[in-house]
Amino acid sequence: MLCLASAGGALEFYDFVIFVFLAESISVLFFPPDMPTWLAMIQTYGIFASGYIFRPLGGIVLAHFGDMFGRKRVFAFSILLMAGATLAVGLLPTYQSAGIAAPLLLVVLRIFQGIAIGGEVPGAWTFAAEHVSSRRVGFACGLVCAGLGVGIFLGASLTALTTMILPPADMLSYGWRLPFILGGVFGLIGMRLRRMLHETPVFVALRAKKQLVPELPLAVVVKTYRRSIVISGLCTWILSASVVMLTLMVPTILEGSHHVDHQVALIATTISAMSLVVGVVSGGLLFDRIGAARFFMVGGLFLAIGGFAFYNISTPAQVFLSSAIIGFSGLSAVGAAVVMVSCFPPPVRFSGVSFSYNVSYAFFGGLTPVTLATFLTISSLSHVFYLLFVSALTMGLGVYFLVRPEALTDRQQVSSAQR
């Protein structure tokens, strides 16, 4: 059951992230040819960010239906929306044939992708956590996070393979479309997998006992669980750094700061993504053994190691070794997922996690590529400083959970919400 949920998540996340791996081609094809390269890249990452900005809308709406009518139905709809939007991107006309309409249509489809992914990730964590015992939530969320890492790996691998096989002219002519078209097909496969899933036992029990929230779930979350929202927002900051900085932005960092060849950078990204998969599964097992406080302290230390791994890269061997370390250092992402699921009771869990996660990710995840692309022109070590800051934030949360363990298990609020 968990493997099927993770596989569907991998396919949907692949659809969402291939945009950033093809950013260089998109910046050439969807903007005027006389536009400066740096400005075209920033605008391309701005379109990438638009998907993050609209994630909260999708997350809030889909999570509402997930809390009211079940987690499984939301899964099927989100992946269908993602598949359709991704396939349409692969069929879009370019600026040369459609003018300004080309980037505008790209923005619209990116927004649809953002709405779809807004319900996907929180729904997957909620679905996984409600299928296992409380002692295995870390491992369950680790498998879901691993599925997202596999999606990044598939996107980076297919993009790298396409650029290696096709000459640059063919890549700009039609090669860039292939990953998007295949993504639409993958999405349909994912929807088929989702139909094989069963509703979570927790939701079935809530429905049978008539304990579903009679009012708007989001209203209950905002009114009752403000501390949980803040904690989840900070956890999302940590998770976004692990995903965006340690995988999605690896090509940009390696090419911009270390002058690594584009194909080598894509291969490095596949290594980083698979190392992240190993890291989050290992991290999930570790979380179940040592708890939130100590895990976040360890996770913060690993993020600092990942930041320093970016510091000195020159030879291809160093690139690939550093990429493995960088990816594994993102193991703290699974801790963020477990904490978010733990902060909210089952009747409003989907809405609570989705609202906190998507609003925070829209800011931290969406603006990171644009900000980093800008600051890399000022300092080649901007990414290292950012990761060290997030490392300190992660360890600070670990100290907070050590001092205030009740922040994750506020039983008075849970019981009042279920009455």
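Computed from a prediction, not measured in an experiment: that's the story for all the values here.

> Teacher, can you tell me more about the overall build of the chain here?
When helices and strands are counted, the chain shows 20 helices and zero strands. Computed over C-alpha atoms, the radius of gyration of the chain comes to 20 Å, within 12% of the 22 Å expected from 2.2 N^0.38 for 419 residues, which places it in the range of a compact globule. C-alpha extents for the chain along the principal axes are approximately 65 × 40 × 30 Å. Each of the 419 residues in the chain was classed as buried or not, and the buried ones make up 58%. Taking the contacts inside the chain whose residues are at least 6 apart along the sequence as the reference set, 86% of them involve residues at least 24 apart. Entry remark: accessible area of the chain is about 16,200 Å², with carbon and sulfur atoms responsible for 71%. The averaged location of the 15 negative side-chain charges in the chain is 15 Å from the averaged location of its 23 positive side-chain charges.

> For this particular structure, what's the right way to read the nonpolar core?
Side chains that are nonpolar tend, in soluble globular proteins, to be buried together. Within the largest apolar cluster, 122 residues are counted, with the highest numbers of intra-cluster contacts made by Trp125, Leu248 and Val339. With 14 residues, helix H15 (residues 262–309) is the largest single contributor of residues to this core.

> For this particular structure, what's the right way to read helix H4 (residues 55–69)?
Think of an α-helix as 3.6 residues a turn; residues three or four steps apart then line up on the same face. Here H4 contains 15 residues, and its C-alpha end-to-end distance of 21 Å stays within 8% of the 21 Å for a straight helix at 1.5 Å per residue. Where H4 is concerned, the buried positions are Arg55, Pro56, Gly58, Gly59, Leu62, Ala63, Gly66 and Asp67. On an axial view of H4, the arc spanned by its buried residues comes to 150°, and they lie on one face. Just past H4, the residue Gly70 takes up positive phi, approximately 125°.

> Can you walk me through the packing of aromatic side chains in this structure?
In this description, an aromatic ring pair is defined by two values, namely the gap between the centres and the angle between the planes. This model, assessed by the stated rule, comprises 16 aromatic pairs. Relative to Phe364, the ring of Phe363 lies with its centre 5.1 Å away and its plane at 85°, an arrangement referred to as edge-to-face. Members of the aromatic cluster, connected to one another through ring pairs, are Phe287, Phe295, Phe296, Tyr400 and Phe401. When the ring centre of Tyr361 is taken as origin, the NZ or CZ atom of Arg55, which lies over that ring, is 4.4 Å away.

> How should I be thinking about the confidence of the model for the chain in this particular structure?
Detailed reading of the predicted model is not advised wherever pLDDT is low. Predicted confidence across the chain gives a mean pLDDT of 85, with 96% of residues reaching 70 or more. The spread of mean pLDDT over the elements of the chain runs between helix H20 (residues 411–418), the lowest at 38, and helix H17 (residues 332–343), the highest at 93. When the criterion is pLDDT under 50, residues 410–419 qualifies, and its contacts beyond four places in sequence or with other chains add up to 11 contacts.

> What is the right way to read the packing of helix H5 (residues 71–90) against helix H10 (residues 177–194) from this model?
Think of two packed helices as two axes; the pair is described by the angle between the axes and how far apart they sit. At a minimum axis distance of 7 Å, the contact between H5 and H10 shows a crossing angle of 165°. Here H5 is positioned roughly antiparallel relative to H10, judged by the angle of their axes. Crossing hand, H5 versus H10: left-handed. Every residue of H10 that contacts H5 at Lys72, Phe75, Ala76, Ser78, Ile79, Leu80, Ala83, Thr86, Leu87, Val89 and Gly90 is listed here: Arg177, Phe180, Ile181, Gly183, Gly184, Gly187, Leu188, Gly190, Met191 and Arg194. Residue classes in the contact of H5 with H10 are distributed as 11 nonpolar, seven polar and three charged.

> Even after reading the chapter, I still don't get the pattern of salt bridges, so can you show me in this structure?
Two side chains that carry opposite charge are able to pair once their charged atoms sit near each other. Summed over all chains, the structure comprises four salt bridges. Of the charged contacts in the structure, one is a salt bridge between Arg71 and Glu130, with a shortest N-O distance of 2.7 Å. Of the two residues, Arg71 is situated in helix H5 and Glu130 in the loop between helix H7 (101–129) and helix H8 (137–165); the sequence distance between them amounts to 59 residues. Residue Glu130 is classed as buried on the basis of its relative accessible area, which comes to 3%. With a closest N to O distance of 3.2 Å, Arg349 and Glu130 form a salt bridge. Placement of Arg349 in helix H18 (residues 349–375) and of Glu130 in the loop between H7 and H8 is noted, with a sequence separation of 219 residues between them. The residues Arg349 and Glu130 share a single accessibility class, namely buried.

> I keep staring at unusual backbone geometry and nothing clicks. Help me out?
Working note: non-glycine residues mostly have negative phi, and peptide bonds are mostly trans. With a phi close to 55°, Lys210 is a non-glycine residue in the positive phi region. Along the chain, Lys210 turns up in the loop between helix H11 (201–208) and helix H12 (217–224).

> Help me out: how do you make sense of H12 in this one?
All of the buried residues in H12 are Pro217, Leu218, Val220 and Val221. For H12, the angular spread of buried residues about the axis comes to 160°, placing them on one side.

> Please clarify how a nonpolar patch on the surface should be interpreted in this entry.
Taken together, Ile53, Phe54, Leu57, Val61, Phe65 and Phe69 make up a surface patch of nonpolar side chains, about 530 Å² in accessible area. Looking at where Phe69 falls in the secondary structure, it is placed in helix H4.

> Any chance you could explain the environment of Ile26 here in plain terms?
Along the chain, the position of Ile26 falls in helix H2 (residues 23–29). With 100 residues separating them in the primary sequence, Ile26 and Thr126 have C-alpha atoms 35 Å apart. Once residues lying within four places of it in the same chain are set aside, the contact partners of Ile26 are Phe19, Phe31, Thr44, Leu106 and Phe180.

> Is there a simple way to think about the side chain of Thr394 in this case?
With respect to the helices, strands and loops of the structure, Thr394 is situated in helix H19 (residues 382–403). The contact partners of Thr394, leaving out residues within four places of it in the chain, are Ile238, Phe296, Gly299, Gly300, Leu303 and Ser332.

> Just to check I follow, could you spell out the environment of Gly184 for this structure?
Within the fold, Gly184 resides in helix H10. In the structure, Gly184 is positioned 97 residues away from Leu87 in sequence and 4.6 Å away in space, judged by C-alpha atoms. Look past the residues within four positions of Gly184 in its chain and what remains in contact with it is Asp15, Ala83, Thr86 and Leu87.

Cut-off values and rules
Once a new chain begins, its residue numbering starts again from 1 and follows that chain's sequence as written. This being a predicted model, a pLDDT of at least 70 is required before a residue's local features are given, and a value of 80 or more before pairs of side-chain atoms are given or counted; all residues contribute to the totals for chains, interfaces and linings. Excluded from the side-chain calculations are hydrogens and water; all other atoms, namely the structure's heavy atoms, are used. Per the convention used, a helix needs a DSSP run of H or I reaching at least four residues, while a strand needs a run of E reaching at least two, with both numbered from the N terminus. The globule rule is 2.2 Å times the number of residues to the power 0.38, and the radius of gyration it is compared with is taken over C-alpha atoms. Residue exposure (1.4 Å probe, protein chains only): buried if accessible area is under 20% of the type maximum, exposed if over 50%, otherwise partly exposed. Two residues form a contact once any of their heavy atoms are found within 4.5 Å. For every accessible area listed, the method is Shrake-Rupley and the probe measures 1.4 Å; residues are considered covered only by the protein chains on display. Lys and Arg are tallied as positive, Asp and Glu as negative. Neither His nor the chain termini are counted. By convention, the charge on Lys lies at NZ, on Arg at CZ, on Asp at CG and on Glu at CD. The definition of a nonpolar core used throughout is a set of buried Ala, Val, Leu, Ile, Met, Phe, Trp, Tyr and Cys residues joined through side-chain atoms within 4.5 Å. To estimate the expected span of a helix, count its residues, drop one, and scale the result by 1.5 Å. The arc refers to the directions leading from the helix axis to the C-beta atoms. Pairing of aromatic rings covers Phe, Tyr and the six-membered ring of Trp, with a centre-to-centre limit of 6.5 Å; geometry is then stacked below 30 degrees between planes, edge-to-face above 60, and tilted otherwise. Only Lys NZ and Arg CZ are tested; either one counts as a charge over a ring when it is within 6 Å of the ring centre and within 35 degrees of the ring normal. The predictor rates its confidence in each residue with pLDDT, a number between 0 and 100. All axes are obtained by fitting lines to C-alpha atoms, using only the stretch in contact for helices, and the reported angles, taken between N-to-C directions, cover 0 to 180 degrees. Orientation labels follow simple angle bins: below 35 degrees gives roughly parallel, above 145 gives roughly antiparallel, 65 to 115 gives roughly perpendicular, and whatever is left gives oblique. Handedness of a crossing follows from how the near helix is turned relative to the far one, being left-handed for an anticlockwise turn of less than a right angle and right-handed for a clockwise one. Each residue gets one of three labels, nonpolar for Ala, Val, Leu, Ile, Met, Phe, Trp, Tyr, Cys and Pro, charged for Asp, Glu, Lys and Arg, and polar for the others, Gly among them. Counted as salt bridges are all cases of a side-chain nitrogen of Lys or Arg within 4 Å of a carboxyl oxygen of Asp or Glu. What makes a patch is a set of residues exposed beyond 30% relative accessible area and free of salt bridges, joined within 9 Å when like-charged and within 5 Å when nonpolar (Val, Leu, Ile, Met, Phe, Trp, Tyr).

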